[in-house]
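Below are the chains, spelled out letter by letter.
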Amino acid sequence: MNESSRPPSIFRLIVTGGGTGGHTYPALTAVRALQARLAADGRALDVLWIGTPDGLEARVAPAEGIAFTTVVTGKIRRSANPLKMISPANVRDMARVPLGVAQARKIVRDFRPDVVLATGGYVAVPAGLAARMCKRPLVLHEQTVRLGLANRKLAGAAARIAVSSESTLPLLAEAVRPAAVVTGNPVRPEILAGHAEKAIAALGLAGFDRRLPTLYVTGGAQGAQQINNVIRDALPWLVERANVVHQCGPANVEDLRASASALPPSLAGRYYLTGFVGPELPDVLALADVVVSRSGAGTLAELTALGKPAVFVPLASSAGNEQAHNAQHLEDAGAAIALTGEVTADRLQNALEPLLTDPARRKGMAEAARAHGRPDAADRLVDVLLSAASGG
């Protein structure tokens, strides 16, 4: 079927990006939102995801019924020392990129997408370059305050650069600023629909004192040893002032449970320890008055959309130190507290004390966080995709 005979009721989208949830879930949320928008107009979405075979997207896309394919690509291993960038592994991987571009070019040419959406990760580079070669509109989406490496490489080829924050705009090269639009970072709609009472019932939190605020602590799916250690050390202090839901990672439950066994029986019921929070996450977030977590882009998008006061402990090894930039950006706006460098129980307690003991302080930070939230980010990104596809 040639392009002119394609039914106008079918919109074709190529999505590329992944490796981590930070690149994968915004793309998936945008696909769902685009599908809903088209369906409301009596149209269908035909979508193909170009990813890596071992990235999160390789599991997520097929599970969502999205066609999935891979291309050869190379990962740049970064170093503060430029000479270390010229490593055998980097040289070998960079030599693979031209083959990946050739593969992606054939995929784009055969699929004939109306638009290509790239959300970052090294797999986005060959597909993004192929979009330019095939003269297909390319929309980049950046989740963090600063453009990631893949999006920096592709910015000059993009019809639109959708960014998550106004703070990103002055950081862009002048040549690409006209293509930039602030959409926010898409948040899964189910995250915004939680109910606190469901969390109480689902987790069996009968020992919680509902007159006290509830603190939710999370280090991501695997947990974070740094966060777990300071929570362990601060736990007696914490449960005197708050109820605590602590998502610690499956491998860390036994050690933390042993530490918690020393709590006074009258306070032990205020501490709920779990390795992983699954479908009940929206309800746990609805219950939480304050959150302690890493400061990845997805977490920031969710917490600001919900208006949750947060104390962030950035992952020091995040690419380009992006988590520290994310956390500092919100701290500067009075929307969070950023704990960088060495984080001790004392530092955590000093950060949490006013939030746990002063409802007015909590409310002020919640309002500042909400002001930075964009719960409609997925719809904004869909607007950008449709506009780019129509040449607007």
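This report concerns the structure included in the present document. (Residues numbered from 1 in each chain as written. Predicted model: local features only at pLDDT ≥ 70, side-chain atom pairs only at ≥ 80, totals over all residues. Heavy atoms only, no water.)

## Topic: the overall build of the protein
As a reminder of what qualifies: Put simply, DSSP H or I for four residues or longer makes a helix, DSSP E for two residues or longer makes a strand, and each gets a number counted from the N terminus. Here the radius of gyration uses the C-alpha set of atoms, whereas the globule reference equals 2.2 Å times the residue count to the power 0.38. Between buried and exposed lies partly exposed: a residue is buried under 20% and exposed over 50% of the maximum accessible area for its type, with that area taken using a 1.4 Å probe on protein chains only.
What the protein contains, in helices and strands, is 17 helices and 13 strands. Its C-alpha atoms give the protein a radius of gyration of 22 Å, near enough to 21 Å, the size a compact globule of 392 residues would have. Across its three principal directions, the C-alpha atoms of the protein cover 70 × 55 × 35 Å. Sorting the 392 residues of the protein into buried and exposed places 53% on the buried side.

## Quick notes on the pattern of salt bridges
Short version of the rule: A side-chain nitrogen of Lys or Arg and a carboxyl oxygen of Asp or Glu constitute a salt bridge if their distance falls within 4 Å.
One pass over the full model with this rule turns up 15 salt bridges. For R37, the salt bridge is made with D383, and the minimal N-O distance between the two is 2.9 Å. Remark: D383 occurs in helix α17 (residues 377-389) and R37 occurs in helix α1 (residues 21-40); sequence separation between them is 346 residues. It is possible to trace a salt-bridge network through shared partners that takes in R32, E64 and E190.

## Examining the packing of α1 against α17
Packed helix pairs are characterised by how far apart their axes lie and by the angle those axes make with each other. The test is simple: Angular values range over 0 to 180 degrees, each being the angle between N-to-C directions of two axes fitted as lines to C-alpha atoms, with helices fitted over their stretch in contact. Each angle receives one of four descriptions, namely roughly parallel if under 35 degrees, roughly antiparallel if over 145, roughly perpendicular if within 65 to 115, and oblique otherwise. What makes a crossing left-handed is the near helix being turned counterclockwise from the far one by less than a right angle; a clockwise turn instead makes it right-handed. Every residue pair with non-hydrogen atoms within 4.5 Å of one another is taken to be in contact. Residues are grouped as follows: nonpolar covers Ala, Val, Leu, Ile, Met, Phe, Trp, Tyr, Cys and Pro; charged covers Asp, Glu, Lys and Arg; every other residue, Gly included, is treated as polar.
Between α1 and α17, whose axes approach to 9 Å, the crossing angle comes to 70°. Judged on the interaxial angle alone, α17 and α1 are roughly perpendicular. Judged by the sense of rotation from one axis to the other, the crossing of α1 with α17 is right-handed. For the pair α1 and α17, contact is made by T29, A30, A33, L34, R37 and L38 and by A378, D379, L381, V382, D383, L385 and L386, respectively. Within the contact of α1 with α17, the residues separate by chemical class into nine nonpolar, one polar and three charged.

## As for the nonpolar core
Our working definition: Only buried Ala, Val, Leu, Ile, Met, Phe, Trp, Tyr and Cys residues count toward a nonpolar core, and they belong to the same one when joined by side-chain atoms within 4.5 Å.
Core analysis: the largest hydrophobic core is formed by 35 residues, its most contacted members being L215, L238, Y271, V292, V311, L348 and L352. Sorting elements by how many residues they give to this core places helix α9 (residues 225-241) first, with eight residues.

## Details of the sheet that holds strand β3 (residues 67-70)
Hydrogen bonding along the main chain pairs the strands of a sheet, whether they run parallel or antiparallel. Which entries qualify depends on this criterion: Pairing between two strands is assigned when DSSP locates at least 2 bridges connecting them.
An order of β3-β2-β1-β4-β5-β6-β7 is seen for the seven strands of this open sheet, with the pairing classed as parallel. Each end of this open sheet is capped by a strand with a single partner; those strands are β3 and β7 (180-182). Between one strand axis and the next, the sheet turns through 25° on average, direction left out of account. Both strand β5 (residues 138-142) and strand β6 (residues 160-163) contribute to a ladder of four bridges, which runs parallel. The residue bridging H141 from the neighbouring strand is A162, located in β6. Packing of α17 onto the sheet brings it into contact with β1 (10-16), β4 (115-118), β5, β6 and β7, and relative to β5 it is tilted by some 160°.

## What to know about the packing of aromatic side chains
What counts here: Only centres within 6.5 Å qualify two rings of Phe, Tyr or Trp (six-membered ring in Trp) as a pair; their planes then separate them into stacked at under 30 degrees, edge-to-face at over 60, and tilted for everything else. Only when the NZ atom of a Lys or the CZ atom of an Arg is both within 6 Å of the ring centre and within 35 degrees of the ring normal do we say a charge sits over the ring.
Following the criterion strictly, the structure yields zero aromatic pairs and no others. Seen from the ring of F111, R12 lies directly overhead, with NZ or CZ sitting 5.9 Å from the centre.

## Section: the sheet that holds strand β11 (residues 290-293)
The six strands are arranged β10-β9-β8-β11-β12-β13 in an open sheet whose pairing can be described as parallel. Each edge of the open sheet is held by one strand with a lone partner, namely β10 (271-274) and β13 (337-338).

## Section: α9
Quick reminder of the rule: Each residue after the first adds 1.5 Å to the expected span of a helix. Take the seven residues that end at a residue and the seven that start at it, fit an axis to each, and the angle between those axes is the bend at that residue.
The terminal C-alpha atoms of α9 lie 23 Å apart, and with 17 residues this matches the ideal 24 Å at 1.5 Å per residue to within 8%. The largest bend along α9 measures about 65° and falls at L235, with the proline P236 one to four residues further on. Within α9 the residues assigned to the buried category are I227, N228, V230, I231, A234, L235, W237, L238 and V239.

## Comments concerning the pairing of β5
Note on strand geometry: in a regular strand, side chains alternate between the two faces of the sheet. Just so we agree on the cut-off: Classification remark: right-handed applies to a crossover when, strands pointing away from the viewer, the course from the first strand over the helix to the second runs clockwise.
Across the five residues of β5, five count as buried, placing the element largely inside the fold. Here β5 shows two buried faces, one formed by L138, L140 and E142 and the other by V139 and H141. Each parallel crossover has a hand, and for β4 linked through helix α6 (residues 124-133) to β5 it is right-handed. A crossover connection joins β5 to the parallel β6 through helix α7 (residues 149-154); in handedness this β-α-β unit is right-handed.

## Some details on the environment of P98
Locating P98 in the fold gives a position in helix α5 (residues 97-111). Classification of P98 by relative accessible area gives exposed; the value is 54%. Sequence separation of P98 and T73 is 25 residues, and the distance between their C-alpha atoms is 8.4 Å.

## Topic: α6
Counting buried positions along α6 gives seven out of 10 residues, so the element sits mostly inside the fold. If you check which residues of α6 are buried, you get A124, V125, P126, A127, G128, A130 and A131. Against β1, β2 (44-51), α5, β4, β5 and α7 lie the buried residues of α6.

## Details of the packing of α5 against α6
It is at 8 Å that the axes of α5 and α6 come closest, and there the two elements cross at 55°. The angle between α5 and α6 falls in the class oblique. Helix-helix and strand crossings are classified by hand; for α5 and α6 the assignment is right-handed. Judged by residue contacts, G100, V101, A104, R105 and V108 of α5 engage P126, A127, L129, A130, A131 and M133 from α6. Each residue belonging to the contact of α5 with α6 can be placed in one class, and the counts come to nine nonpolar, one polar and one charged.

## Comments concerning the side chain of R362
Definition in use: Charged residues are defined here as Lys and Arg on the positive side and Asp and Glu on the negative side; His and the ends of the chain fall outside this count. N or O atoms within 3.5 Å of each other form a polar contact, as long as, within protein, one can give a hydrogen and the other can take it, and as long as residues adjacent in sequence are counted only when both atoms are side-chain atoms.
With respect to the helices and strands, R362 occurs in helix α16 (residues 359-372). There is no salt bridge for the buried R362, and the closest opposite charge comes from D289, which lies 4.7 Å off by N-O distance. At 2.8 Å, the side chain of R362 forms a polar contact with the backbone oxygen of L355. Leave out the neighbours within four places in its chain, and R362 touches P213, D289, V290, P309, L355, L356 and T357.

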